Amino acid sequence: MTNTTCRAIFPVAALALLLTACGGGGDDEGVFVEDRDPSASGLSASVNVAAPASTALSGTYASNNIFLNNVTKVDPIGAPVETCRFRFSALEQQGVTPARRMDGDIRYLPGTNALESTVVSINTIEFAMAGTTGATIDRANNRVIYNGAVLNSTQSTGQSITLTGSIPMRGDRPEGC
């Protein structure tokens, strides 16, 4: 390797080392990469899905070790509202082989029990909550409760699902979350 090559590579390597030492880079909303991918939580979760258009999606999705990431408070510039948010994964459809898998993203308003949004994906079919009716944040018990919450397909399929059950959240949350 020539001296010119070393001089060109050194600043890039130094920047990479600095970003690694500082916890890596983040996206434009301040959510750091290490907070994005859910990991094993040791917590149990169970939700029932009623899917009138597709009986294949209907059933109980459960796990004795749901994957969760940390709840993060996000106040993006120019956004209308600050939210607390987290992601979950590894809820498997029970009694079906091969089991379908549910993953999701939950956002709620700090200091309240009001849900802002829920998006779930079941085997890449994505559904988003049509309003906040049928869901509440139970911060005291570290969970989100769904009681007949309707989520509509985001992929123009005309499908909808109804969720009943609860998703836990990690207890080490930012203030207000």
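Residues numbered from 1 in each chain as written. Predicted model: local features only at pLDDT ≥ 70, side-chain atom pairs only at ≥ 80, totals over all residues. Heavy atoms only, no water.

Colleague: I tried to follow the pairing of strand 6 (residues 83-93) on my own but got confused; where do I start?
Modeller: On a regular strand, one side chain projects to one face of the sheet and the next to the other, so that they alternate. Of all eleven residues that make up strand 6, nine are buried, and the element is covered over most of its length. Here two bridges tie strand 3 (residues 59-63) to strand 6, and the two strands are oriented antiparallel to one another. What sits directly across from Tyr 61, in strand 6, is Gln 93. The pairing of strand 4 (residues 67-68) with strand 6 spans two bridges and is classified as antiparallel. (Buried < 20%, exposed > 50% of the residue type's maximum accessible area, 1.4 Å probe, protein only. Helix = DSSP H or I, 4+ residues; strand = E, 2+ residues; numbered from the N terminus. Pairing = 2+ DSSP bridges.)

Colleague: Help me understand the nonpolar core in this model?
Modeller: Note on soluble globular proteins: their nonpolar side chains tend to be buried together. Of all hydrophobic cores here, the largest spans 32 residues; its most connected members are Met 102 and Tyr 146. The set of elements that each furnish at least two residues to this core consists of strand 2 (45-50), strand 6, strand 7 (101-108), strand 8 (115-122), strand 9 (125-129), strand 10 (135-138), strand 11 (143-153) and strand 12 (160-168). If near-sequence neighbours (up to four positions away) are discounted, Met 102 is found in contact with Val 47, Val 49, Tyr 61, Phe 88, Ser 89, Ala 90, Leu 91, Val 120, Ser 121, Ile 122 and Leu 163. (Core = buried A, V, L, I, M, F, W, Y, C linked by side-chain atoms within 4.5 Å. Contact = heavy atoms within 4.5 Å.)

Colleague: Any chance you could explain the pairing of strand 2 here in plain terms?
Modeller: Only one face of strand 2 is covered, namely the face carrying Ala 45, Val 47 and Val 49; the face carrying Ser 46, Asn 48 and Ala 50 is uncovered. Summarising the sheet, strand 2 and strand 12 pair through five bridges and their orientation is antiparallel. What sits directly across from Val 49, in strand 12, is Leu 163.

Colleague: Looking at this model, I keep getting lost on the pattern of salt bridges. Mind explaining?
Modeller: Side chains that differ in sign of charge can pair as their charged atoms come close. Using the criterion set out here, one finds three salt bridges in the structure. Note that Arg 101 is salt-bridged to Asp 103, the shortest N-O span being 3.2 Å. Arg 101 sits in the partly exposed class, given a relative accessible area of 34%. With its nearest N and O atoms 2.8 Å apart, the salt bridge here joins Arg 107 to Asp 105. (Salt bridge = Lys/Arg side-chain N within 4 Å of Asp/Glu carboxyl O.)

Colleague: Quick question: what am I supposed to make of the state of the cysteines here?
Modeller: Counted under the stated rule, the structure contains one disulfide. Each sulfur of the disulfide joining Cys 84 and Cys 177 lies 1.9 Å from the other. Since a negative S-S torsion denotes a left-handed disulfide, the Cys 84-Cys 177 link at about -80 degrees is left-handed. Taken together, the residues span a long stretch of sequence, with Cys 84 in strand 6 and Cys 177 in the segment after strand 12 at a distance of 93 residues. Overall, the relative accessible area of 0% leaves Cys 84 in the buried class. (Disulfide = S-S within 2.5 Å.)

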